[in-house]
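Observations on chain architecture
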Amino acid sequence: YEVPGERVWCALYTPLVNPAGNGVANLFVSWNEWYETEAQQDVCQLEASIDGGANWVIIRADASGSSTVWVHQVADVSQYYTNTQFQLRFLFRTLNTENNQFPGWYVDDVKVYGGVRVNGTVRDVNGRPLHGGVVFALGLGNAATRISGHDFMLPGSVLAVGPTAKDGTYDLRC
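Notes on the structure in this doc start here. These numbers come from a predicted model, not from an experiment.

This part covers the sheet that holds strand S7 (residues 104–114). On the basis of which strands lie adjacent, the open sheet formed by three strands has the order S5-S2-S7 and antiparallel pairing. Because the sheet does not close on itself, it has two edges, and the strands there are strand S5 (71–76) and S7. Strand after strand, the sheet turns through a mean of 25° between neighbouring axes, direction not considered. Bridging between strand S2 (residues 27–36) and S5 involves six bridges; their strand directions are antiparallel. Each residue of the ladder has a partner; that of asparagine 32, found in S5, is histidine 72.

A word on unusual backbone geometry. Excluding glycine, residues mostly have negative phi values, and the peptide bonds linking residues are mostly trans. With a phi angle near 70°, glutamine 40 is a residue other than glycine that sits in the positive phi range. Looking at where glutamine 40 falls in the secondary structure, it is placed in the loop between S2 and strand S3 (42–49). Residues other than glycine seldom take positive phi values, yet aspartate 109 does so here, at roughly 55°. Looking at the secondary structure, you find aspartate 109 in strand S7.

Taking burial as the measure, the ten residues of S2 include nine buried ones, the bulk of the element. As paired elements, S2 and S7 share nine bridges and run antiparallel to each other. Across the sheet, leucine 27 pairs through a bridge with glycine 114, a residue of S7.

Along the chain, lysine 166 falls in the loop between strand S12 (158–163) and strand S13 (169–173). Judged by its relative accessible area of 71%, lysine 166 falls in the exposed class. In this structure, the C-alpha to C-alpha distance between lysine 166 and proline 129, residues 37 residues apart in sequence, is 7.3 Å. Not counting residues within four places of it along the chain, the set of residues in contact with lysine 166 comprises Pro129 and His131.

Thresholds applied
- Residues numbered from 1 in each chain as written.
- Predicted model: local features only at pLDDT ≥ 70, side-chain atom pairs only at ≥ 80, totals over all residues.
- Heavy atoms only, no water.
- Pairing = 2+ DSSP bridges.
- Helix = DSSP H or I, 4+ residues; strand = E, 2+ residues; numbered from the N terminus.
- Axes fitted to C-alpha atoms, helices over the stretch in contact; angles between N-to-C directions.
- Buried < 20%, exposed > 50% of the residue type's maximum accessible area, 1.4 Å probe, protein only.
- Contact = heavy atoms within 4.5 Å.

Structural measurements only, silent on function.
This is how it looks when you write it as structure tokens:
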């Protein structure tokens, strides 16, 4: 964007998403992004609307400055599961009219998809709930390595991470 002396406001809109009836209560949006903007003065945010665009709610707070590399992002949009339809927009805007000569915000590979819920309880060796533990949900690894005569499979990608509650329970959305 190179518009000296003017504010910039532009958006990328998804088609309407209709989650009702798909049987998946956990909805996510993922995308890849790269941005180089004026730090603290230009913002890149993800928003959702359930009323045809009359009102927008921020899903992912402002990103600003420089990402330096392409970054994969995921945001939970499960709160819109019960709506008959919703729409997402990637909004880029400048907060002032100065220094508006940066490359901007690039968004690619946008996907809205249903996920799964993983929950349970973690206990110590004496059967007591483990408070403050960290639980990882890992995808299936795909590279087996033989070490000292044993096959060792590296874990796959981390799908979700979450803490255990006081009663040892955890609830992850992947």
